[in-house]
Each structure stands twice: as structure tokens, then as C-alpha cells.
Amino acid sequence: MKHILGATLLSALAVGGSAQAATNLITFEEPVLTAMSNSVGALVPGPAQLSTQFLGTFGVSFSSAGGFAAVVDHGFPALTPSGTNIFGGTTADGRLSYTSTISAAFFDPFNSATKATTTRVRVLGDLYGIGSGTITLTAYDQFGAVLAQSTDTDDKPFGQGPVVEVNAAGIHSITLVGTSGTVGFDNFEFESVTPISGGVPEPATWAMMLLGFGALGAEMRRRRPLAATCRVGV
């Protein structure tokens, strides 16, 4: 019976592991978003406020100084890797700003109260280099300790923007900031999240565990009559 239960639990881990290997990509062209015009300093309208739209699907939420980031229609398809939409930061009073720090944090998509982690985050800058400034991506663990950092310069040829990427175990949150004041960001890419220990298991994991417990119960019921027969024989 130990072999049956052990194999079942290993299968559950394998199911969870295969799901976690997937790569998620947010292009900011998704139907749940409505972009604002590219007007630095303008108030970000409600439909363009980027916050928890992807919390229940990918397990990621965004924020900036205004409590949310901004989804912006850049207006020039050649200046972004996908579509025309990008995202930028906000000031404390909710205005579009390309110098404000943007934050993203990861949670269990099935239970947003449970923190989660990923192992890789990659972000692109827009594809029109101005020849100065940098963008920096910093990754943190669940306690706020820095795990990794990536910086790239905004001096690439037209059509090739800056790229920042961090790879580390246990990434719970990241910050993203540009110094030039003109760089918008696009294509937020990250590995699927894993709930931090103590969180609620994924449905597939629960299913495999229940199968294991069911097999254990069936085995115990099968053994009880045999034990009773042995006692009568004695």
C-alpha cells in the first residue's frame, strides 16, 4: 500500500511540476484592458488602470505610486513588439509617468491571499531608443530581500528596444523603472507561479491526493475481513 500511495503522490507532484514549467506572456493587448492615450501627466482613467486584471488567471498584480500602473496606446505599432499598447507608471495622484517605479507581485491564482513565486521575469522596453537612460528590473523574495537585478540602456537601434530579465528561485515581486522618462514597457513574460509553502494546493494536486487517500481506504477495508478470519481460526 505504501507503494500505491507513494506513486500517487509522485504523480501529483509531476502534474504540478509540468504546469509550473509553462511561460506566461502579457502583451497588454488583452480584451480586459482599455488603453489611454499617450499623454504624460494626464490622469489615468479607470479602464486604463492596470492592477488586478491578471490576478485570477496568471497570479500577478501590478501597482505604481498611484496604486495602479497605466495601460497606454503608444500609437505606433513599429515601436512596440506587439500591437500598440504598453504600460507605464503613475504618480501619487494617479497621472501617467514614465519615471515612476512599477511593481508586480505574484500570488496563487486560486487564492489571492496566498503569496506565490516564479523563477524568471523578462520585460521589453519600447523600440525607439533615445540614446540615453536605462531601465532596471529588480527581483525580491517574499520578505523583500533582493534576489537579482538586470539593467539595460536605452540606446538600441530603431526596432530593438532594451531588454531586462532576471532568473532566480523564489521571486515573489519585482520593480521596474526607467530613467529617461520616455520608455514604456511591453511583453511582461514570466514562468508560471508556485504558491509559497502553506498555501492551498492546485486542483490537480488535490485530485491526485484524494485518489491516493481513496486507494488507502480501499486497502484498509480489504484487509479487515482477513484479520477477523485469522482471529477466529486461532
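Residues numbered from 1 in each chain as written. Predicted model: local features only at pLDDT ≥ 70, side-chain atom pairs only at ≥ 80, totals over all residues. Heavy atoms only, no water.

### Focus on the overall build of the protein
Next up, step 1: On a plain count of helices and strands, the protein comes out with two helices and 15 strands.
Next up, step 2: Out of the 234 residues belonging to the protein, those deemed buried represent 42%.
Next up, step 3: For the protein, restricting intrachain contacts to residue pairs at least 6 apart in sequence, the fraction spanning at least 24 positions comes to 71%.
Next up, step 4: Accessible area for the protein stands at about 11,300 Å²; split by element, carbon and sulfur atoms hold 61% of it. (Helix = DSSP H or I, 4+ residues; strand = E, 2+ residues; numbered from the N terminus. Buried < 20%, exposed > 50% of the residue type's maximum accessible area, 1.4 Å probe, protein only. Contact = heavy atoms within 4.5 Å. Areas by Shrake-Rupley, 256 points an atom, 1.4 Å probe, with all protein chains shown as cover.)

### So, the pairing of strand S8 (residues 102–108)
Next up, step 1: Among the seven residues in S8, six count as buried, and that is most of the element.
Next up, step 2: Looking at chain direction, strand S4 (residues 60–63) and S8 are connected through four bridges and run antiparallel. Bridge pairing in S8 places Phe62 opposite Ala104.
Next up, step 3: With four bridges joining them, S8 and strand S13 (residues 173–178) adopt antiparallel strand pairing. Following the sheet pairing, Ile102 is matched in S13 by Leu176.
Next up, step 4: Direction of pairing for S8 relative to strand S9 (residues 111–125): antiparallel, over a ladder of two bridges. Within the sheet, the bridge partner assigned to Phe107 lies in S9 and is Lys115.
Next up, step 5: Where S8 folds back onto S9 in an antiparallel hairpin, the turn is made up of two residues. (Pairing = 2+ DSSP bridges.)

### Observations concerning the packing of aromatic side chains
Describing an aromatic ring pair means giving the distance of the ring centres and the angle of the ring planes.
Next up, step 1: Here the structure, examined in full by the defined rule, presents ten aromatic pairs.
Next up, step 2: Centroid distance Phe54 to Phe58: 6.1 Å. Interplanar angle 20°. Geometry classified as stacked.
Next up, step 3: Taking the relative accessible area as the measure of exposure, Phe54 reaches 4% and is therefore buried.
Next up, step 4: Each residue in the set Phe28, Phe54, Phe58, Phe62, Phe87, Phe106, Phe185, Phe188 and Phe190 is aromatic and connected to the rest through ring pairs, giving one cluster. (Phe/Tyr/Trp six-rings, centres within 6.5 Å; stacked < 30°, edge-to-face > 60°.)

### Quick notes on the side chain of Glu189
Next up, step 1: Mapped onto the elements, Glu189 comes out in strand S14 (residues 185–191).
Next up, step 2: In this structure Glu189 touches Thr23, Asn24, Leu25, Arg120, Val121 and Arg122, once residues within four positions along its chain are discounted.

### Some points on the environment of Phe188
Next up, step 1: Along the chain, Phe188 turns up in strand S14.
Next up, step 2: For Phe188, a relative accessible area of 1% corresponds to the buried category.

### Description of the confidence of the model for the protein
Next up, step 1: When pLDDT is averaged along the protein, the result is 82; 75% of the residues meet or exceed 70.
Next up, step 2: Low confidence marks residues 1–20, where pLDDT is under 50. Its contacts with residues over four positions away, or in another chain, come to 21 contacts.
Next up, step 3: Confidence over residues 226–234 falls short of pLDDT 50; this stretch has zero contacts with residues more than four positions distant or in other chains. (pLDDT = per-residue confidence, 0-100.)

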